[in-house]
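So you can see what is in the structure, the chains are spelled out below.
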Amino acid sequence: MAETKTPEPQQSQSTEAGCPPRRSVEVIYERSLPGHRGYRLPRGAAARWEAAIDALPETLRRKRPPELPEVTEPEVVRHFIGISLLNHHVDRSLYPLGSCTMKYNPKINEELARLPGFALLHPQAPETSLQGILALLWRFERELACVVGMAAVSLHPAAGAQGEMLGMKLFRAYHRHRGHAKRKVLVPDSAHGTNPASVVLSGFEPVQIASGADGRMDLGAIRAAIDDDTAGIMVTNPNTLGLFEKEIAAVAEAIHAVDGLVYMDGANLNALVGLAQPGAMGVDIVHLNLHKTFSTPHGGGGPGSGPVAVTAELEPFLPVPIVERTEAGYRLEHGRPLSVGPLHPWCGNAGVVVRAFAYLHSLGAEGLAAVSRAAIVNANYLMKQVADSFPVAKREWCMHEFISSASWTKKHKVRVMDVAKRLLDFGFHAPTVSFPLIVPDALMIEPTETETRPTLDRFAAALREIAREVRESPERVQQAPHSTCVGRLNEAAAARRLRVRWQAAKERDDAGGA
């Protein structure tokens, strides 16, 4: 195989791109000039609006006009293009955040979700006006259940963490219904970090189980920890080392022997869709991240979607309302006496579901299997490429992601975060760093199936170049990034002194610089 040319770090971006290096970026208010307009109102429109305003009570009327920026349309466009360059995103380049599945989001899905029949619906409209979206939700629930081999699905959770919360609510409802007062939930140390938090918030006690030498669940340790107080176990499969849990069926059998439940965190389902079903592994509850596996955009706080699939035994406990199909059409059913109650103001983030529905139907069963195979191939190819620069935690075939370690850089006084920042200069976002905690200075790398081999080669070459710099000129890595709009930020100060809105210089000074 021909050697990949080492990529050159990106040059500083120009001011024309709206991103002057190492200087404050103008916000739209600072582009504002009195009298500038982007459009003119139609003739007579102002008079009609004034009449409408006159109909409002005095207490609801503004005393002075809102202080909006006065800018031309080109300035508005340049403003938003400029701020789009301040962040890295999947439309710019590889975004290999491990366990986040930052795959490309097909734009056709966006177009379909913006169709007026979906985008302009109001959730409080009469059910007779919602038949199309209700039919889509009803159908998609059953299709997702088929993908994971379960009996029923709730689309209510708005994120994976909320899916976990629902899973623990189902644990509690199930055991209360059976007259149990079980308290303990087993959580392997290779599980996702939100798992123990969800356990505690739901009133259970997490019990951490150490992984075996191979990085997988230790069946002996799990059996030893199980007793009559065990409510269940939370498992991530594939786990955060990118390894398939080979003993999951045996673990499920041991948990079920004490009437416990098995919850599977489906954040890494991108390695399994079309190839393996959690239901066939003995899993009772599994959440799916539509904003990961099913390609809907995510990041920046949402919107997301974390549907939860369950066995037939747990279906009566799912949140209300549920979508029912009757001879007269589709309706929302609230009368479910065993339900854990409402979880979302409606039936979940419907716009995200529409995008995922389009993705599923564009691929079909064979396409989903091809997605998982390509994700696995890409991860293993990249793992072999980077192993000499950043050693791999477990030298065996991985699933959709793998863990490298940057612990060797410490002797050069370079931290894993420095390596992550330096990758920005090569045009790549960093992998997930310092997680899982069971690997020191971890780099969790997930390339996804939508990246090409040349892109993976460039990323591997960038890591090799950074490894060379660590040894020969560590200060170059310690001071990175060098080509972004801003340099190394004080992240602790940013978290403690929040500035979430723009303030004019005088207003900022009057507030004491806060």
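Owing to the predicted nature of the structure, the values given are computational and were not obtained by experimental measurement. (Residues numbered from 1 in each chain as written. Predicted model: local features only at pLDDT ≥ 70, side-chain atom pairs only at ≥ 80, totals over all residues. Heavy atoms only, no water.)

Draft legend 1. Region of interest: the overall build of the protein chain. The helix and strand inventory of the protein chain stands at 16 helices and twelve strands. Over its C-alpha atoms the protein chain spans a radius of gyration of 26 Å, differing by no more than 12% from the 24 Å that the globule rule assigns to 514 residues. The C-alpha extent of the protein chain, read off along each of the three principal axes, is 75 × 70 × 45 Å. Counting across all 514 residues of the protein chain, residues that qualify as buried make up 49%. Taking contacts inside the protein chain between residues at least 6 apart in sequence as the whole, the part at least 24 apart equals 71%. With an accessible surface of roughly 25400 Å², the protein chain has 55% of that area assigned to carbon and sulfur atoms. (Helix = DSSP H or I, 4+ residues; strand = E, 2+ residues; numbered from the N terminus. Rg over C-alpha atoms; globule rule 2.2 N^0.38 Å. Buried < 20%, exposed > 50% of the residue type's maximum accessible area, 1.4 Å probe, protein only. Contact = heavy atoms within 4.5 Å. Areas by Shrake-Rupley, 256 points an atom, 1.4 Å probe, with all protein chains shown as cover.)

Draft legend 2. Fine view of the pattern of salt bridges. Per the counting criterion, the structure on display carries 27 salt bridges. We note a salt bridge from Glu396 to Arg216, for which the minimum N-O separation is 2.9 Å. Here Glu396, found in the loop between α11 (350-386) and β10 (402-405), pairs with Arg216, found in the loop between β3 (205-209) and α9 (219-225); they are 180 residues apart in sequence, far enough to count as distant. Judged by its relative accessible area of 29%, Glu396 is partly exposed. The salt bridge involving Glu472 is made with Arg468; its shortest N-O contact spans 2.6 Å. Note that Glu472 and Arg468 are positioned in helix α13 (residues 453-472) at a spacing of four residues, about one turn of the helix. Through salt bridges with shared partners, a single ionic network connects Arg31, Glu75 and Arg78. (Salt bridge = Lys/Arg side-chain N within 4 Å of Asp/Glu carboxyl O.)

Draft legend 3. Fine view of the domain arrangement of the protein chain. Once the domains are mapped, the protein chain shows domain 1 (26-86), domain 2 (110-361) and domain 3 (372-496). Each of domain 1 and domain 2 has a C-alpha centre, and the two are 44 Å apart. (Domains from an automatic or database assignment.)

Draft legend 4. Expanded view of the pairing of β10. Neither face of β10 is open: one carries Phe402 and Ser404, the other Ile403 and Ser405, and all of them are buried. One ladder, built from four bridges, connects β10 with strand β12 (residues 442-445); its direction is antiparallel. The residue of β12 that forms the bridge with Ser405 is Ala442. (Pairing = 2+ DSSP bridges.)

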